Structures are given as structure tokens and as C-alpha cells.
Amino acid sequence: MSKTGKIAAWAGGVAALLAVVILVVPAFRPDTFTIKRSIVVNAPPEWVFPLLVHFQRWRDWSPWEKKDPNMRRAFGPHASGKGAIYMWQGNKEVGEGRMEIVDVKSPSLVRIKLEFVKPFKAQNEVDFTLEQKGGGTEVVWSMRGHVPYFARLAHLQRVARRLLALQA
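Residues numbered from 1 in each chain as written. Predicted model: local features only at pLDDT ≥ 70, side-chain atom pairs only at ≥ 80, totals over all residues. Heavy atoms only, no water.

Visitor: Explain the side chain of Asp-68 here, please?
Guide: Within the secondary structure, Asp-68 is located in the loop between α3 (63-67) and β2 (72-75). For the buried Asp-68, no salt bridge exists, and the shortest N-O distance to an oppositely charged side chain is 7.2 Å, to Arg-73. Only 2.7 Å separates the side chain of Asp-68 from the backbone nitrogen of Asn-91, close enough to count as a polar contact. With residues near it in sequence (within four places) discarded, Asp-68 still touches Arg-73, Gly-90, Asn-91 and Val-94. (Helix = DSSP H or I, 4+ residues; strand = E, 2+ residues; numbered from the N terminus. Buried < 20%, exposed > 50% of the residue type's maximum accessible area, 1.4 Å probe, protein only. Lys, Arg positive; Asp, Glu negative; His and termini not counted. Salt bridge = Lys/Arg side-chain N within 4 Å of Asp/Glu carboxyl O. Polar contact = N/O pair within 3.5 Å; in protein donor to acceptor, adjacent residues only side chain to side chain. Contact = heavy atoms within 4.5 Å.)

The structure is reproduced here in C-alpha cells:
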């Protein structure tokens, strides 16, 4: 085999090994995620709780509501509490989806089943927990869900791009 052939074979082997690593590594990444954010509101839990448990009041505080002023909204037969439903269709930033309150413990917990339809399909669980902190309320928002293989692959690609950008 010529020197050029050996180099080509070596390069092909490295490329094949790299492809295998890129395809195998995501399979071992976690297939679930959890995100948490918190804020302290200068009000008692009894004041904050109704804003969370009543979907029609989300326009008063939700940052997503402001991302698309023309968003179409629909609500289920229950105005608030367990079984309340909120559906939306909006621009690229807010997409399309549905939420249903599945558990309520006044004034400390609102649990929501969140289903995205667009720009991608996903089902997640969201909790709002409220705890008295001095004269205010700590509101903790958390979301949990499944991460499909292709999303883990895309995440690996983003990480690789960031690492390459740091070397430049």
C-alpha cells in the first residue's frame, strides 16, 4: 500500500471512530431533565397562589404571554383548580400547546401537565411550589421531562461547537 493509501485508510478509520463516538455518547447521556428557577415575591402565599391556579390570570404575570400579543387562547370548562385547561397557539417563540392542572395543595403547590405540540412535541410536568419567606413568598418553578435520543445528539453537537469556539 502506498503512503497516500495508508494516510487515507488512517483518516477513514479516525472518521469512522469519530462517527461511532458521536452516535454512541448521546445514548449514555441522561434521558430526563429538570429545570428549576425561583423568585421571592413581596406578598403572602395566599395572594400569589390564585395567580397560579387560575389560567386566565396568567396574562397578568407570565413572561410567555408577552412574547406574542396575538396568541390565541382557549380554556377548558373549569376556570381554575384541578382539571383547569389552557390551550394556546402562537408565533414561533410560544408555539402551540396545552396545560392542565393535575394537582393542587392550597396555598403551596400547583402541578401542571404541559404538552407542547409546536415547534416540537413534548410532554413535561411543571410544579409551582410556594413557601413563606419572612414577609414574602418564595415561588419555585420546576419542569421535568423526557429527553429523546435525537435531542441528546443535538445537545452534544452544540457542546462540541462551543468547545471548538473556545479553542479559536
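Resuming the write-up.
Visitor: What am I meant to see in unusual backbone geometry here?
Guide: The phi torsion of most residues other than glycine is negative, and most of the peptide bonds are trans. With omega at -10°, the peptide bond leading from Ser-106 into Pro-107 counts as cis. You can see Pro-107 is positioned in the loop between β4 (96-105) and β5 (109-118). Of note, the bond from Lys-118 into Pro-119 is cis; its omega dihedral lies within 30 degrees of zero at 10°. Along the polypeptide, Pro-119 turns up in the loop between β5 and β6 (122-133).

Visitor: It is not clear to me how the packing of aromatic side chains should be interpreted in this structure. Could you clarify?
Guide: Each aromatic ring pair is specified by the distance between its two centres and by the angle formed by the two planes. All told, the structure shown has 9 aromatic pairs when counted by the stated rule. Where Trp-88 meets Phe-116, the ring centres are 6.3 Å apart and the plane angle is 85°; that geometry is what we call edge-to-face. Here the residue Trp-88 occupies a position in strand β3 (residues 85-89), and Phe-116 occupies one in strand β5, the gap between them amounting to 28 residues. Its relative accessible area of 9% is what places Trp-88 among the buried residues. Taken together through their ring pairs, the aromatic side chains of Phe-55, Trp-58, Trp-61, Phe-75, Tyr-86, Trp-88, Phe-116, Phe-120 and Phe-128 make up a single cluster. Lys-67 extends its terminal NZ or CZ atom over the ring of Trp-64, reaching a point 5.2 Å from the ring centre. (Phe/Tyr/Trp six-rings, centres within 6.5 Å; stacked < 30°, edge-to-face > 60°. Lys NZ or Arg CZ within 6 Å of the ring centre and 35° of its normal.)

Visitor: Could you clarify how one ought to interpret the layout of surface pockets in this entry?
Guide: A probe as big as a water molecule, rolled over the atoms, marks out the empty space that is left. Taken as a whole, the largest pocket holds about 1,000 Å³ of empty space. Every residue lining the largest pocket is counted, 36 residues in all, and those nearest its centre are Trp-58, Ser-62, Trp-64, Leu-114 and Trp-141. For the lining of the largest pocket, the elements supplying multiple residues, two or more each, are β1 (32-41), α2 (45-53), α3, β3, β5, β6 and β7 (136-146). Here the element with the most residues in the lining of the largest pocket is β1; it accounts for 6 residues. Along the lines of polarity and charge, the residues of the lining of the largest pocket split into 27 nonpolar, 4 polar and 5 charged. (1 Å grid on protein atoms, 1.4 Å probe; cavity = no way out; pocket = protein on both sides within 12 Å on 5 of 7 lines; lining within 4 Å. Points joined across faces, edges and corners; volume = space filled by probe spheres on them. Nonpolar A, V, L, I, M, F, W, Y, C, P; charged D, E, K, R; others polar.)

Visitor: What is the right way to look at the nonpolar core in this model?
Guide: Across soluble globular proteins, you tend to see nonpolar side chains buried next to one another. Among the nonpolar cores identified, the biggest contains 22 residues, and Phe-55, Trp-88, Met-99, Ile-101, Val-110, Ile-112 and Phe-128 are the most heavily contacted of them. Looking at this core, the elements that each hand over two or more residues are α2, β3, β4, β5, β6 and β7. With 4 residues, α2 is the single largest residue contributor to this core. Non-local contacts of Val-110, meaning those with residues more than four positions away in its chain, are made with Phe-49, Leu-52, Val-53, Ile-101, Asp-103, Val-126, Asp-127 and Phe-128. (Core = buried A, V, L, I, M, F, W, Y, C linked by side-chain atoms within 4.5 Å.)

Visitor: Looking at this structure, how should I read the pattern of salt bridges?
Guide: Where side chains of opposite charge bring their charged atoms close, a pairing between them can arise. The full count for this structure, using the stated rule, is 14 salt bridges. Where Arg-144 meets Asp-127, a salt bridge forms, and the shortest distance between an N and an O atom there is 3.1 Å. Residue Arg-144 is found in strand β7, and its partner Asp-127 is found in strand β6; the two are separated by 17 residues along the sequence. Given a relative accessible area of 25%, Arg-144 falls into the partly exposed group. The exposure class assigned to Asp-127 is buried, which follows from its relative accessible area of 7%. Across the pair Lys-133 and Glu-138 runs a salt bridge, and its minimum N-O distance is 3.8 Å. Given a relative accessible area of 39%, Lys-133 falls into the partly exposed group. One salt-bridge network, in which partners are shared between bridges, spans Arg-98, Glu-100, Lys-113 and Glu-115.

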